[in-house]
Amino acid sequence: MTYKNYLKSLGFFLIIIMGLSLLNTILYYNDIIGGKVSSLIELLTLFVATFTSGFYLGFKSSNKGYINGLILGGIIIGISLLLTLIFKEKLTLVSLFTYLLVLALATTSSILGINRKK
């Protein structure tokens with residue numbers, strides 16, 4: 001597995017996050033959706049971006065999709081934790097549970113991606 005596939009997967013992740021977050025912001029700013037719906041959309045955006053990037057990485061892998069998914073999930077969690085520390089937000093039990101879900105989703109989607117190829 002080359003680092004290029006990881007960079008492409010992270011690129012897909014960031015593009016999806018930015019695009020759906022921009023759409024969510026526009027809808028919330030124009031009072032089309034409320035605060036609770038906006039929070040739900042933020043969470044779904046994270047999960048959709050993680051699934052898509054994990055699936056792509058698994059599809060490009062030749063074997064051991066679960067290891068590639070764990071690595072990708074670890075990279076995403078590491079970036080998220082770094083941003084949390086930079087912006088001095090508190091780590092809560094809910095955020096730690098969300099990180100575990102991201103790791104599980106990246107691993108599962110990578111396994112699905114590698115199985116889809118065959």
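We now turn to the structure provided with this report. (Residues numbered from 1 in each chain as written. Predicted model: local features only at pLDDT ≥ 70, side-chain atom pairs only at ≥ 80, totals over all residues. Heavy atoms only, no water.)

Quick look at the nonpolar core
Tyr6, Leu10, Phe13, Leu46, Ala49, Leu57, Leu72, Ile76, Ile77, Tyr99 and Val102 form the largest nonpolar core, which has 11 residues in total. Among the secondary structure elements, those contributing two or more residues to this core are α1 (3–29), α2 (35–60), α3 (65–86) and α4 (93–117). (Core = buried A, V, L, I, M, F, W, Y, C linked by side-chain atoms within 4.5 Å. Buried < 20%, exposed > 50% of the residue type's maximum accessible area, 1.4 Å probe, protein only. Helix = DSSP H or I, 4+ residues; strand = E, 2+ residues; numbered from the N terminus.)

Some points on α1
Because an α-helix completes one turn every 3.6 residues, residues spaced three or four positions apart along the sequence face the same direction. For α1, which comprises 27 residues, the first-to-last C-alpha distance of 38 Å matches the rise-based estimate of 39 Å (1.5 Å per residue) to within 8%. Inspection of α1 places Asn5, Tyr6, Ser9, Leu10, Phe13 and Asn24 among the buried residues, and these make up the whole buried set. Summarising the contacts, the buried residues of α1 are in contact with α2 and α3. Just beyond α1, the residue with positive phi is aspartate 31, at close to 55°. (Expected span 1.5 Å × (residues − 1). Contact = heavy atoms within 4.5 Å.)

Comments concerning the layout of surface pockets
Roughly 840 Å³ of internal volume is contained in the largest pocket. Lining the largest pocket we find 29 residues, and of these Leu46, Ser80, Leu83, Thr84 and Tyr99 sit closest to its centre. Elements represented by at least two residues in the lining of the largest pocket include exactly α1, α2, α3 and α4. Residue contributions to the lining of the largest pocket peak at 9 residues, all from α1. Looking at side-chain class alone, the lining of the largest pocket contains 16 nonpolar, 10 polar and 3 charged residues. (1 Å grid on protein atoms, 1.4 Å probe; cavity = no way out; pocket = protein on both sides within 12 Å on 5 of 7 lines; lining within 4 Å. Points joined across faces, edges and corners; volume = space filled by probe spheres on them. Nonpolar A, V, L, I, M, F, W, Y, C, P; charged D, E, K, R; others polar.)

Topic: the packing of α2 against α3
Contact pair α2 / α3: the axes reach a minimum separation of 10 Å and the direction vectors enclose 140°. When the axes of α2 and α3 are compared, the crossing they make is right-handed. Of α3, the residues touching α2 (which contributes Thr50, Ser53, Gly54 and Leu57) are Asn68, Leu72 and Ile76. Here the contact of α2 with α3 is composed, by residue class, of 3 nonpolar, 4 polar and no charged. (Axes fitted to C-alpha atoms, helices over the stretch in contact; angles between N-to-C directions. Left-handed = near helix turned anticlockwise from the far one by under 90°.)

Quick notes on the packing of aromatic side chains
Inspection of the entire model under this criterion finds 2 aromatic pairs. Seen from their ring centres, phenylalanine 51 and phenylalanine 55 are 6.0 Å apart, and the 25° between their planes marks the pair as stacked. Here phenylalanine 51 pairs with phenylalanine 55, and both are found in helix α2, just 4 residues apart, close to one helical turn. Look at phenylalanine 51 and you get partly exposed, because its relative accessible area is 33%. (Phe/Tyr/Trp six-rings, centres within 6.5 Å; stacked < 30°, edge-to-face > 60°.)

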